[in-house]
Amino acid sequence: MLYEIDTVFCSRCQRYVSVFDAENEEFLTKEIICTDCGKILMVVRSSFQSRNDTKFLLKSLEKHILRENIKTGKNFKLRELFSKSGAL
């Protein structure tokens with residue numbers, strides 16, 4: 001069963017934000033991503049994919065999510081800094 005997600009609490013933004021989903025072809029997953037800061041909030045993967053994908057490595061997916069969140073976190077902090085200084 002699939003559920004439609006409207007808002008999710010983002011630990012980086014510290015509030016409920018709207019989300020969008022993106023396909024990640026490298027890991028055959030769907031990622032639920034914060035629209036404000038870009039943090040990956042949830043990874044959706046069907047049990048069928050998990051059973052039948054022999055190349056799937058959970059540790060590489062976790063490393064990918066961490067790397068993406070660090071990258072978007074830095075961009076978010078820079079945008080926040082520029083908006084406070086009035087540069088944008």
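If you're wondering where the values come from, they're calculated on a predicted model, not measured in any experiment. (Residues numbered from 1 in each chain as written. Predicted model: local features only at pLDDT ≥ 70, side-chain atom pairs only at ≥ 80, totals over all residues. Heavy atoms only, no water.)

## Digging into the overall build of the chain
Secondary structure summary: the chain contains two helices and four strands in total. For the chain, the α and β elements follow one another from N to C terminus as β-β-β-β-α-α. With 88 residues in all, the chain has 28% of them scored as buried. Summarising the internal contacts of the chain: among those between residues at least 6 apart in sequence, 36% fall at separations of at least 24. Roughly 6800 Å² of accessible area belongs to the chain as shown, and the carbon and sulfur atoms make up 57% of that amount. (Helix = DSSP H or I, 4+ residues; strand = E, 2+ residues; numbered from the N terminus. Buried < 20%, exposed > 50% of the residue type's maximum accessible area, 1.4 Å probe, protein only. Contact = heavy atoms within 4.5 Å. Areas by Shrake-Rupley, 256 points an atom, 1.4 Å probe, with all protein chains shown as cover.)

## Things to note about the sheet that holds strand E1 (residues 7-10)
Taken in spatial order, the four strands of this open sheet run E1-E2-E3-E4, and their pairing is antiparallel. The open sheet has two edge strands, E1 and strand E4 (40-44), and neither has a second partner. Each strand axis lies, on average, 40 degrees off the axis of its neighbour in the sheet, ignoring direction. Examined bridge by bridge, strand E2 (residues 15-24) and strand E3 (residues 29-34) share six bridges and lie antiparallel to one another. Within the sheet, the bridge partner assigned to Asn24 lies in E3 and is Thr29. (Pairing = 2+ DSSP bridges. Axes fitted to C-alpha atoms, helices over the stretch in contact; angles between N-to-C directions.)

## Here we look at the side chain of Lys39
Along the chain, Lys39 falls in the loop between E3 and E4. Buried within the structure, Lys39 lacks any salt-bridge partner; Glu31 is the closest side chain of opposite charge, at an N-O distance of 13 Å. Residues within four places of Lys39 in sequence aside, it is in contact with Cys10, Ser11, Arg12, Ile32, Ile33, Cys34, Asn69 and Thr72. (Lys, Arg positive; Asp, Glu negative; His and termini not counted. Salt bridge = Lys/Arg side-chain N within 4 Å of Asp/Glu carboxyl O.)

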